[in-house]
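Structure at a glance
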Amino acid sequence: MRTKVLDAPSIATPRLERAVGNGQPPEVIELDRFPFTVGRNETCDYQIASTRVSREHAELLRQGDTFRVRDLQSTNGTFLNGQRITGEAPLRDGDLLVIADVEFCFCNRLQSAGRITVTQVMDAPPEDDSDTAIARDFVAAVRSLQESLLHRAARNRFQPIVDLTDGQTVGFEALPRQPQGIAPLSTSDSLLAVECRLTERFQHVHRLMAVEQAAKIPGDVSLLLSLRPAEVGADALPHSLARLQSMLQGRAIIAGIPDSAVADIPYFRHFLDRLRELGLKIAYDGFAAGHAQIRAHRELAPDYVKLAPLLARGVDRSSERQRQLSALVQAAGEIGSELIITGIHSENEAQTCRELGCRLAQGDHYGRPQTIDWPAPDNASVSI
């Protein structure tokens, strides 16, 4: 079959449609001026009352019959059809536009009214171009992920966190596995790299099942659950994590916040306060900077700073790396945080970290990530 596009008159005004739920029709925002700004400020053309939305978050631009969206260096990003944009990107009829965590559908009758299609049966289907193949793969992956969510097929692996002073297992980090049957997309490493409502649901199911599985581990061990950058600041997330913690019968959940998402701004401070009020612990995950940056976190100090693996690589053979790690230990102590060293591959690396004052460690030397089906170690009894 082949579809031919025919010209037709342009009608109507472009608009954004925002779903309101509860079976109600979507809110319609007419785009009757340009540039059209969206943000938290009252001065924006469309105001969103959300702490995750920047004061001036994004703007829509028009040139003739074409439209573009521009991100205004927002904190939590602007996403077009699941992909975070930098700078500008073209807008087309039917595009899904997400401002931080608020979804809109862009409707442009100037485009859609001009696309009347005629379908003709051909002897053989045309060869897929790259865009068609990407779209087909994406739809197939989304359907597979929906099936995984429906059947709660999210799988987790767990990697131990140990106390270097006595070798005790004191916690586990839950690592989501990509659902079976979902091949990596050609446009990204995996579907899980796409920011959309479907991946939010997958993250929720992943955490729920991680808690259910971790409850089988004997001993007073903690559970580290990593957050995605786009989730940081979400109003409902602290309560969701607190409910999961209640399922662990007194064990602690540590919310792993990507270090790239840490920012000394009101919405982030409020997010940390809510986590602490609900009894959750906090870790800044993937820290790869120096001791000065740890001290800069003094006003937003977490319980733990989880270092990037490269900071421990070959530490037993490098005096410079040892000086760097020693300075990080001292800086963390000054702000009341504790380091979690990652990427430990040998006993020599572990011994060096222990001598430098590190207490908590993670790495293949203590066990690779694996499913919950393995027998939990007898020494899993110390809480971090």
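Along each chain, the written sequence defines residue order, and numbers are assigned to residues from 1. Restriction of local features to residues with pLDDT of at least 70 applies here, the model being predicted, together with a cutoff of 80 or more for giving and counting side-chain atom pairs; totals for whole chains, interfaces and linings are based on all residues. As a rule here, side-chain values cover all heavy atoms of the structure and leave hydrogens and water aside.

What to know about the overall build of the protein
- Elements are defined by DSSP. Helices are runs of H or I of four residues or more, strands are runs of E of two residues or more, and each kind is numbered from the N terminus. Counting its regular elements, the protein contains eight helices and 21 strands.
- Within the protein, the fraction of its 384 residues that count as buried is 46%.
- Using a 1.4 Å probe, accessible areas were evaluated by the Shrake-Rupley method; residue-level cover was limited to the displayed protein chains. In the structure as shown, the protein presents an accessible area of about 19,100 Å², 48% of it carried by carbon and sulfur atoms. Exposure classes here rest on a 1.4 Å probe applied to the protein chains alone. A residue is buried below 20% of its type maximum, exposed above 50%, and partly exposed in between.

A closer look at the state of the cysteines
- The disulfide definition used here is simple: a pair of cysteine sulfur atoms within 2.5 Å. In total, this model carries zero disulfides according to the counting rule given.
- Not engaged in a disulfide, the cysteine cysteine 353 finds its nearest cysteine sulfur in cysteine 358; these two sulfurs lie 4.8 Å apart.
- Residue classification places cysteine 353 among the buried positions, given a relative accessible area of 0%.

Thoughts on the sheet that holds strand 12 (residues 102-107)
- Pairing within the open sheet is antiparallel, and its six strands lie in the order 3-2-12-11-8-9. Two strands bound the open sheet, and with one partner strand each, they are strand 3 (27-30) and strand 9 (83-84).
- With three bridges connecting them, strand 2 (residues 15-18) and strand 12 associate as antiparallel partners. Paired with leucine 16 across the two strands is phenylalanine 106, which belongs to strand 12. A pair of strands is labelled paired if DSSP reports no fewer than 2 bridges between them.

Some thoughts on the pattern of salt bridges
- Here, a salt bridge means any Lys or Arg side-chain nitrogen found within 4 Å of an Asp or Glu carboxyl oxygen. Following the criterion strictly, the structure yields 19 salt bridges and no others.
- A salt bridge links glutamate 347 to arginine 354; the shortest N-O distance between them is 3.5 Å.
- Through salt bridges that share partners, Glu59, Arg68, Arg70 and Glu88 make up one connected network.

These values are about where atoms sit, not about what they do.
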